[in-house]
Amino acid sequence: MRRRRAIDEPEVASQINIVPMIDVIFAILTFFIMSTLFLGRFEGLAVNLPKAQSAKPQKTIRATVTLDKQGDLYLNKSPLAIDMLSNAVRQLDKPGQDLVVVLNADGSVTHDRVVAVMDQIRQVEGAKMAIATKRQ
């Protein structure tokens, strides 16, 4: 049974409530922002890199060796002892592909520690080494 409107009742205009639609759009926007942050290829740990004017980006990076300011060594974000570095890098080498090892060393790490890490990387046959810097 239909209800009849009384003559003195004002007619209510129909409305579209867009608040739930705005909530859904912001939720989708948040999802896309968060997912693109995780899609970035950040292989090394955050260190204070030295600056260089001749810095060039590397196209193919297969391994990232990081020395943080305490002198701790990491291979692709995994902690590692310095004497195990050459064997671990050798395991990453695949036939037919270039092995580029990028060294991210904090600016406060001592020179002898950096040279010791470079010596371990140079023991791997066919490995190319690059040193990460910030562009001035």
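Residues numbered from 1 in each chain as written. Predicted model: local features only at pLDDT ≥ 70, side-chain atom pairs only at ≥ 80, totals over all residues. Heavy atoms only, no water.

Asks: What's the story with the environment of Lys69 in this structure? I'm lost.
Replies: Relative to the assigned elements, Lys69 resides in the loop between β2 (63-67) and β3 (73-75). For the pair formed by Lys69 and Val109, sequence separation is 40 residues and the distance between their alpha carbons is 5.6 Å. With near-sequence residues (within four places) excluded, Lys69 lies in contact with Asp106, Ser108 and Val109. (Helix = DSSP H or I, 4+ residues; strand = E, 2+ residues; numbered from the N terminus. Contact = heavy atoms within 4.5 Å.)

Asks: Any chance you could explain the pairing of strand β6 (residues 127-131) here in plain terms?
Replies: In regular strands, side chains alternate between the two faces of the sheet. In this sheet, β6 lies alongside strand β5 (residues 99-105) in parallel orientation, the contact comprising five bridges. Note that in β6 the partner of Leu103 across the bridge is Ile131. (Pairing = 2+ DSSP bridges.)

Asks: What am I meant to see in helix α2 (residues 85-92) here?
Replies: Residues spaced three or four apart along an α-helix face the same direction, because each turn holds 3.6 residues. Here α2 has its buried residues at Leu85, Ser86, Ala88 and Val89. The arc enclosing the buried residues of α2, seen along the axis, measures out at 165°, which places them on a common side. Lining the buried residues of α2 we find β2, β3, β5 and α3 (111-122). (Buried < 20%, exposed > 50% of the residue type's maximum accessible area, 1.4 Å probe, protein only. Arc of directions from axis to C-beta.)

In short, geometric facts, not functional conclusions.
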